[in-house]
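Observations on the three-dimensional arrangement
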Amino acid sequence: MYEDGWIPTVCYQCKAECSILALVKNGIVQEVKGNPRARGKMCVKGMAGITSLYSKERLTHPMKRVGERGEGKFERISWDEAMEMMETKLRALHEKGEGHKFTYSMFPHSASDPKWRFVNAYGGFISTGLPHCDSGKIMAHLHTFGCFPNHHIAPMYFSVPKGGLMILSGRHPFGCMDDACVAKDILDAKERGAKLIVIDPIFRPEAAKADWWIPIKPGGDAAFFLGVCNYLLLNNLHNKEFCDKWVREGDMEKLLDYIADKSPEKMSAICEVPAADIIKLAKMVAEAPSACIDAFKSIMYGNAMDWGQVWSIFLVITGNLDNPGGQPLPELTPMAPVNPVPTPPNLKELGYHRTGPNREKFDHYNFILEPTWYAAQAIKEGNLKIFFATECNPALSEMGAAAWREAVSMKDDDGNYMLDFFMVSEILPSETMKWADLVLPDQTNYERWELLYMPWWYNYSHGASLCRPVVKPVGEARHTNNVIIELGKRMFPEFFAFKDDVEYYDIELGGVGMSIDKLMENGGLWSPGTVGFYKYKDKKKFDTPSGKIELDWNMYADINQQWPSPELPLEYRKEEDNFPFILINFRTIFLNNTGAWSHNNAQLRDPVSGLDSNPIMINPIDASRLDINEGDTVFLESTTGKVSSIVQLTEKIKPGCIGIIHGFGQTVGQVATMVSCFNDNELIADAGSHLDEQDLRGGEAHVSTRVTIYK
Ligand SMILES: Nc1nc2c(c(=O)[nH]1)N[C@H]1C(S)=C(S)[C@@H](COP(=O)(O)OP(=O)(O)OC[C@H]3O[C@@H](n4cnc5c(=O)[nH]c(N)nc54)[C@H](O)[C@@H]3O)O[C@H]1N2
Ligand SMILES: Nc1nc2c(c(=O)[nH]1)N[C@H]1C(S)=C(S)[C@@H](COP(=O)(O)OP(=O)(O)OC[C@H]3O[C@@H](n4cnc5c(=O)[nH]c(N)nc54)[C@H](O)[C@@H]3O)O[C@H]1N2
Ligand code: SF4
Ligand SMILES: [Mo]
């Protein structure tokens with residue numbers, strides 16, 4: 001099964017899952033590089049993946065908790081005992097008719113990920129990073145032009161023509177590549193004569209390469225682009241022909257009514273970008289052959305849906321849909337079903353928003369906006385009894401770290417944990433593991449099969465792409481997909497009547513004329529033609545209910561939110577006096593989120609070649625007012641927590657903002673704990689604690705928080 005040579009597979013040091021080649025010699029991965037068939041790049045994290053694979057800290061056998069939750073004391077057990085524990089707990093809950101009190105937090109690698117299949121058969125919830133990421137964008141695009149709800153359908157930078165505008169508005173693609181070739185795609189486009197515009201309160205590496213950097217107030221993107229759209233429309237600079245042909249009748253008139261008073265001057269007061277710059281960008285857009293927006297972090301605020309709707313309006317009135325250099329609308333040929341397919345539970349009836357005081361108010365949520373990450377609240381209210389976590393690290397990644405810890409350790413009057421059972425599968429020791437009852441050692445991407453069939457991120461090369469084992473797994477590590485398939489066979493044999501993961505994938509591929517073998521012959525890649533321009537012209541419609549672009553979101557008429565609000569996120573309007581600064585937590589190329597995969601990777605935490613500190617960035621103007629100097633140790637405090645670190649004075653951050661790196665905070669693992677760095681989610685409130693303030697259209701206050709800073 002294992003061969004020597006350059007083997008095509010995928011990287012999984014981040015969720016981009018780039019196509020790569022792994023050089024295997026004598027059963028050991030020696031080297032990795034980008035697969036030339038997929039434009040051939042690999043980033044520094046990806047190359048450090050070999051360090052994760054061979055880390056001496058790898059989890060190698062199942063373990064069960066022996067101390068209290070949080071103590072992180074475990075004892076080795078057999079796989080038989082581990083399977084037995086999961087089956088007993090799951091059966092007991094299911095027999096009580098409370099299957100919906102089981103949540104599996106995971107990152108699905110395809111729409112038919114076997115773990116997701118199990119959750120559907122069981123009647124539980126799936127929880128992913130989705131509600132944290134760009135769900136506001138996905139929903140906005142779905143509502144407006146019926147675009148397939150993928151995770152992140154970014155511009156295809158390789159298609160941007162000369163003179164085309166690439167607008168990064170709250171986006172760090174040079175570090176958060178989401179396909180290692182994207183940074184080069186952007187720079188190549190620039191070389192062709194495309195223009196790069198970076199809208200960001202911090203001067204990041206993209207700004208250094210940009211034609212124009214526009215510092216903006218965090219959360220101000222909706223206002224900024226409303227100003228741009230106002231100028232385009234009122235000066236007849238929009239793409240009239242496109243709008244006349246494709247926008248639903250009456251919507252343009254309503255848009256004009258609504259936008260008439262969103263002048264650049266008025267919007268400038270909200271987003272803190274001079275009106276002249278808003279106008280300048282509008283004029284550039286009007287003259288450019290194409291314009292695209294890439295945003296990610298900027299849509300993780302409480303006004304996410306507002307910004308998403310403005311973003312959609314901008315693309316529509318400039319005609320930048322499914323054109324070279326604009327917003328792609330990819331289509332996905334579905335895989336063949338593996339029959340019988342379990343019917344998913346009726347989540348709407350069971351309550352997407354199953355926690356909180358007034359859940360009926362959240363009727364507008366749907367799966368994509370579903371805020372299932374309110375784990376802390378759900379546990380406290382008795383609505384979450386069994387929690388599985390695979391490929392995620394909620395102890396650090398969930399907003400409100402203290403509330404999370406409290407909830408998972410909470411006991412009822414009889415002294416039993418409110419959360420009855422908690423399983424974590426991981427490759428390296430993680431923070432979340434400390435609270436688990438059962439820890440399962442997973443196989444890395446170099447040891448397992450996995451069919452990736454969903455261009456979750458940038459990866460258009462991922463029509464379908466195959467992760468295949470290139471070396472023997474360490475110890476007793478088992479791929480969690482197979483563990484869950486085994487559980488499925490025991491509990492729901494009718495839905496798991498296939499031999500294993502490989503047979504499951506083969507059935508799915510068989511229905512579309514492919515197979516695992518054919519995929520391997522094809523270098524691990526296969527594209528069913530998901531990319532193509534102007535598909536709406538061939539189809540003569542958009543995939544919306546009316547077949548036209550729908551700017552007026554009349555489904556939100558009952559809550560008076562048909563049109564986007566330019567206002568800053570709700571969370572900014574409170575406690576301004578006590579907490580005058582806005583906290584920005586951003587990512588770097590050396591870390592992938594909060595995860596053990598980079599925090600416990602020696603290569604990525606090296607002080608020279610990687611990252612080993614989390615300084616507090618502040619503008620010298622603010623610092624001098626507070627008598628804070630470079631290198632001082634200061635406290636950062638919010639309404640929910642307090643942390644401390646060293647100050648870094650820099651003019652690269654907009655005054656009024658504080659910048660920190662997102663992801664730190666691990667207290668387990670030799671590498672992660674060499675230097676102690678704080679977790680930003682100590683400062684950010686638990687999402688369940690302020691439901692009333694949240695935008696009923698779905699925006700959540702994920703990453704934005706007010707803080708104060710003092711020595
Ligand atoms: N290396 C690496 N890659 C990753 C990840 C990782 O952790 N590390 N995480 C992956 C995941 S899950 C995600 S969701 C993506 C996230 O990818 P990005 O969102 O691109 O990453 P960030 O660096 O968090 O944020 C991008 C920029 O947004 C700016 N910003 C913050 N608030 C605002 C605002 O209101 N308006 C504007 N215009 N700018 C703002 C920040 O200063 C920052 O420079 O990356 C993915 N890829
Ligand atoms: N403050 C703040 N909080 C945030 C964000 C933010 O910007 N700021 N971003 C939010 C966003 S956008 C997201 S998507 C979420 C992400 O949060 P999570 O979904 O929790 O993801 P990660 O933090 O990346 O943790 C992934 C874990 O999976 C493990 N892992 C890696 N590979 C494997 C594998 O093959 N098998 C198994 N079993 N485990 C593996 C890693 O070691 C790591 O511990 O965080 C959210 N939280
Ligand atoms: S972008 Fe992610 S998947 Fe691609 S090479 Fe880098 S770490 Fe690996
Ligand atoms: Mo994310």
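Remember, it's a predicted structure, so these values are computed and weren't measured experimentally.

1. Looking at the domain arrangement of the protein chain
Assigned domains of the protein chain: these are domain 1 (5-53), domain 2 (63-132 + 343-526), domain 3 (153-295) and domain 4 (570-710). Here domain 2 and domain 3 have C-alpha centroids that lie 37 Å from each other.

2. As for the sheet that holds strand S15 (residues 450-452)
Taken together, three strands build an open sheet; the order of strands is S15-S16-S17 and the sheet is antiparallel. Because the sheet does not close on itself, it has two edges, and the strands there are S15 and strand S17 (525-526). Pairing between strand S16 (residues 464-467) and S17: two bridges, direction antiparallel. Following the sheet pairing, Ala-464 is matched in S17 by Trp-526.

3. Structural notes on empty space enclosed by the protein
Applying the stated criterion across every chain, the model contains 13 cavities of 30 Å³ or more. Roughly 120 Å³ of volume is contained in the second largest cavity. Considering the residues around the second largest cavity, the lining is formed by 15 residues, among which Cys-14, Ala-16, Cys-18, Cys-43 and Ala-180 are closest to the centre. The residue makeup of the lining of the second largest cavity, split by class, is eight nonpolar, two polar and five charged. In this structure, the lining of the second largest cavity is formed jointly by two domains, domain 1 (5-53) and domain 3 (153-295), each of which donates at least three residues.

4. A look at helix H4 (residues 114-122)
Along an α-helix, a turn takes 3.6 residues, which lines up residues three or four apart on a common side. Along H4, nine of the nine residues are buried, which leaves the element largely enclosed by surrounding structure. Of all the positions in H4, only Pro-114, Lys-115, Trp-116, Arg-117, Phe-118, Val-119, Asn-120, Ala-121 and Tyr-122 are classed as buried. N-capping of H4 is provided by Asp-113, with a side-chain oxygen placed 2.9 Å from the backbone N of Lys-115.

About the criteria used
- Residues numbered from 1 in each chain as written.
- Chains lettered and ligands numbered in written order.
- Predicted model: local features only at pLDDT ≥ 70, side-chain atom pairs only at ≥ 80, totals over all residues.
- Heavy atoms only, no water.
- Domains from an automatic or database assignment.
- Pairing = 2+ DSSP bridges.
- Helix = DSSP H or I, 4+ residues; strand = E, 2+ residues; numbered from the N terminus.
- 1 Å grid on protein atoms, 1.4 Å probe; cavity = no way out; pocket = protein on both sides within 12 Å on 5 of 7 lines; lining within 4 Å.
- Points joined across faces, edges and corners; volume = space filled by probe spheres on them.
- Nonpolar A, V, L, I, M, F, W, Y, C, P; charged D, E, K, R; others polar.
- Buried < 20%, exposed > 50% of the residue type's maximum accessible area, 1.4 Å probe, protein only.
- Polar contact = N/O pair within 3.5 Å; in protein donor to acceptor, adjacent residues only side chain to side chain.

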